[in-house]
Each structure stands twice: as C-alpha cells, then as structure tokens.
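Architecture at a glance
Chain residues, written in single-letter form:
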There are 2 protein chains.
Amino acid sequence: MAAAGPIPILKIGSTLLATIQIELVDTVVDAFQGDVLEGIETHGASGLIVDISALETVDSYVARMLANTAKMAKLMGTQTVIVGMRPAVAATLVRMGYFMDGINTALSLEEGLDLLGEARTPEAE
Amino acid sequence: MAAAGPIPILKIGSTLLATIQIELVDTVVDAFQGDVLEGIETHGASGLIVDISALETVDSYVARMLANTAKMAKLMGTQTVIVGMRPAVAATLVRMGYFMDGINTALSLEEGLDLLGEARTPEAE
C-alpha cells in the first residue's frame, strides 16, 4: 500500500484542482479520494476540478471512483467538474454503459473554472 | 431512553439553525424532527440549516431522517441546507448508495446562509 506518488492538489481561489498525471492503480485511487475530500474540508473549497487529460484509459473502477468522489464532494457542498476527458476515454465509458450521470464535465481547465464561476470572481488569497 | 439533551434550534433572520452536537440515538432523532417542524411553523422560517459538522459518523437511520426532515420542511415551504458534512461521513453515505438526492448541502454555516439568501438580507430581529 505504498503511496505511488500522490496526486497533486492545488488551490485556485476557492477551487481545488487535482491533476491526475499517472496511470491510476487501485491504491492510488483510494488515497486520492481521501486526499481530495480532506482538502475540501481543510480549504473550504466550493469547487473541485479533476483534470484527467493525461489519462489515455479509464477503467470502470476509476470511472466509478471519479463519479463517487464527485457525489461525496456534493454532499459536503462542493461542485465537481471533470475536465479534459480524451475522445478514446469518452468512447470507452459510453460503450461500457457508463455515462457518469449528474457529473459536470468541461473540455479544459479554463472552461471548468468558468463553469464553477471561479473566473468571474477573482479572489485575492 | 431518556432525552439525552435536546438539539438546540436557533433563529437567524428568517432561518432556523439546528446544530447537532451529540451523537444521535433514535429517540433524539425522532424528537429532533418534530421540534424542527414545529419550529418552522412557530417562527414562519423560510429556511432551515442543519449543521452536522460535529458528527463523525452518520448511519442510514440518521441519513434517512435528515433527508425526510428536509422533504417535510419542503412541503411546508421551507428550504433546507445540510452543512458541514465531514469527508468520512460523505464517503460512507455514498458507499452505502445514499446520495441524498435533492438535498441542498454547503460546506459551512456561512455558505449555507448564503445559499438561502440570508446573508443578502440581514434582518434586525
């Protein structure tokens, strides 16, 4: 259960940005979920962006984790946007019958921030 | 099964604030629901905030009570926001398949008040 390099979580205004840059093995996935939720609590983040543009593949376990993390964040009062999904990943998820209902998505980080209203309310922190 | 201390219900403007500070046993849960609904009627509250930040765990009974209380308040014309859900609680609820659909949530009391529009209409009472 070694942490195979944590996923960096940055803060932009009142939004947390998690950029997944490594292929996700199960232990990293579980740690990621906990880290993100604790980050939300610690920073009082009103938005969460998960950038998956580096991922060439997303299996059903990871897809479910992403969807569940978004639901957990929602219960805590935080909106989640998944950004940068590659065409092949989107195609695979839909073919698996996994539509990520109720999950916000955006093409890019910029549009994700825009969706969360972060761009319109620049905060000095 | 003695009443283990009632849950305090405060009034902020036209919003009722219930802060759950004790672990909830079933009798307290049932009394709480009645107290909150009566409080809404008595004070003509347009909003209800339930602060659960002190709860380390929420079982399915309590989760259902919270969701049902919100639905009952809704029928009476009052919006409910559940604030301060801890990461572990959110994780457990989602893993149980309990998403609290249609329930408003916010990170903090402040954001909950903001969501209810209370912050924008300070009332002297």
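Quick look at the structure, then.

**Considerations on the relation of the copies chain A and chain B**
- When chain A is fitted to chain B, the residual RMSD is 0.1 Å, and the transformation amounts to a turn of 72° plus an axial shift of 1.3 Å. The superposition of one copy onto the other is thereby described by a five-fold rotation axis. Residue Gly102 of chain A of chain A places its C-alpha closer to the rotation axis than any other residue of that unit, at 10 Å.

**Quick word on the nonpolar core**
- Ile20, Ile40 and Leu66 of chain A together with Ile20, Phe32, Leu66 and Met100 of chain B are the most contacted members of the largest nonpolar core, which has 66 residues in total.
- Residue contributions to this core peak at ten residues, all from helix α2 (residues 60-76) of chain A.
- The residues contacting Phe32 of chain B, other than those within four sequence positions of it, are Ile7, Ala18, Ile20, Val50, Met65 and Leu66 of chain B.

**Points about the pairing of strand β4 (residues 79-83) of chain A**
Residues and elements named next belong to chain A.
- Burial analysis of β4 places four of its five residues in the buried class, which makes it a mostly covered element.
- One crossover worth recording links strand β3 (residues 47-51) to the parallel β4 by way of α2, and it is right-handed.
- The pairing of β4 with strand β5 (residues 104-106) spans three bridges and is classified as parallel. The partner of Val83 across the bridge, within β5, is Ala106.
- With helix α3 (residues 87-95) bridging β4 and its parallel neighbour β5, the resulting β-α-β unit is right-handed.

**Quick notes on helix α3 (residues 87-95) of chain B**
- Within α3 of chain B the residues assigned to the buried category are Pro87, Val89, Ala90, Ala91, Leu93 and Val94 of chain B.
- Buried residues belonging to α3 of chain B abut α1 (26-43) and α2 of chain A together with α2 (60-75) of chain B.
- Backbone geometry just downstream of α3 of chain B places Gly97 of chain B in the positive-phi region, at approximately 80°.

**Side note on the environment of Gly84 of chain A**
Residue and element names in this part refer to chain A.
- With respect to the helices and strands, Gly84 occurs in the loop between β4 and α3.
- Considering only alpha carbons, one finds Gly84 and Ser53, 31 residues apart in sequence, at a separation of 4.3 Å.
- Aside from chain neighbours lying at most four places away, what touches Gly84 is Ile52, Ser53, Ala106 and Leu107.

**Quick notes on the interface of chain A and chain B**
- Counting residues at the interface gives 16 residues for chain A, matched by 15 residues for chain B.
- For the pairing of chain A and chain B, the buried interface totals around 1,300 Å² over both sides, and the portion due to carbon and sulfur atoms is 67%.
- Among the residues of chain A in contact with chain B, Met72, Leu75 and Met76 of chain A are the three that bury the most area, contributing 50% of the side total.
- Residue Arg86 of chain B pairs with Glu41 of chain A through a salt bridge whose shortest N-O separation is 3.1 Å.

**Focus: the side chain of Thr78 of chain A**
- Within the secondary structure, Thr78 of chain A is located in the loop between α2 and β4.
- Looking at Thr78 of chain A, the relative accessible area reads 0%, which means it is buried.

**What about the pattern of salt bridges?**
- Considering all chains together, one arrives at three salt bridges over all chains under this definition.
- The salt bridge partner of Glu56 of chain A is Arg86 of chain A, with a shortest N-O separation of 3.5 Å. Of this pair, Glu56 of chain A sits in the loop between β3 and α2 while Arg86 of chain A is found in the loop between β4 and α3, placing the two residues 30 residues apart along the sequence.
- Salt bridges sharing common partners tie together Glu41 of chain A together with Glu56 and Arg86 of chain B.

**Description of helix α1 (residues 26-43) of chain B**
Residue and element names in this part refer to chain B.
- Over its 18 residues, α1 extends 26 Å from the first C-alpha to the last, a length consistent with the 26 Å expected when each residue adds 1.5 Å.
- Here α1 has its buried residues at Val28, Val29, Phe32, Gln33, Val36, Leu37, Gly39 and Ile40. Down the axis of α1, the buried side of the element spans an arc of 160°, and every buried residue falls inside it. Across α1 from its buried face, at more than 90 degrees, point the exposed residues Glu38, Glu41 and Thr42.

**As for the sheet that holds strand β5 (residues 104-106) of chain B**
Residue and element names in this part refer to chain B.
- With mixed pairing, five strands are arranged side by side in an open sheet as β1-β2-β3-β4-β5. Edge strands, defined here as strands with exactly one partner in the open sheet, are β1 (9-12) and β5. Strand-to-strand twist in this sheet, taken as the mean axis angle between neighbours without regard to direction, amounts to 25°.

**Points about the environment of Ala88 of chain A**
Residues and elements named next belong to chain A.
- Here Ala88 lies in helix α3.
- Classification of Ala88 as partly exposed rests on a relative accessible area of 45%.
- Put simply, Ala88 and Leu16 are 72 residues apart on the chain and 26 Å apart in space, counted from C-alpha to C-alpha.

Each value, and the rule that gives it
Residues numbered from 1 in each chain as written. Chains lettered and ligands numbered in written order. Predicted model: local features only at pLDDT ≥ 70, side-chain atom pairs only at ≥ 80, totals over all residues. Heavy atoms only, no water. Least-squares fit on C-alpha atoms with pLDDT ≥ 70 in both. Core = buried A, V, L, I, M, F, W, Y, C linked by side-chain atoms within 4.5 Å. Buried < 20%, exposed > 50% of the residue type's maximum accessible area, 1.4 Å probe, protein only. Helix = DSSP H or I, 4+ residues; strand = E, 2+ residues; numbered from the N terminus. Contact = heavy atoms within 4.5 Å. Right-handed = clockwise from strand over helix to strand, strands pointing away. Pairing = 2+ DSSP bridges. Buried area = accessible area lost by both parts, 1.4 Å probe. Salt bridge = Lys/Arg side-chain N within 4 Å of Asp/Glu carboxyl O. Expected span 1.5 Å × (residues − 1). Arc of directions from axis to C-beta. Axes fitted to C-alpha atoms, helices over the stretch in contact; angles between N-to-C directions.

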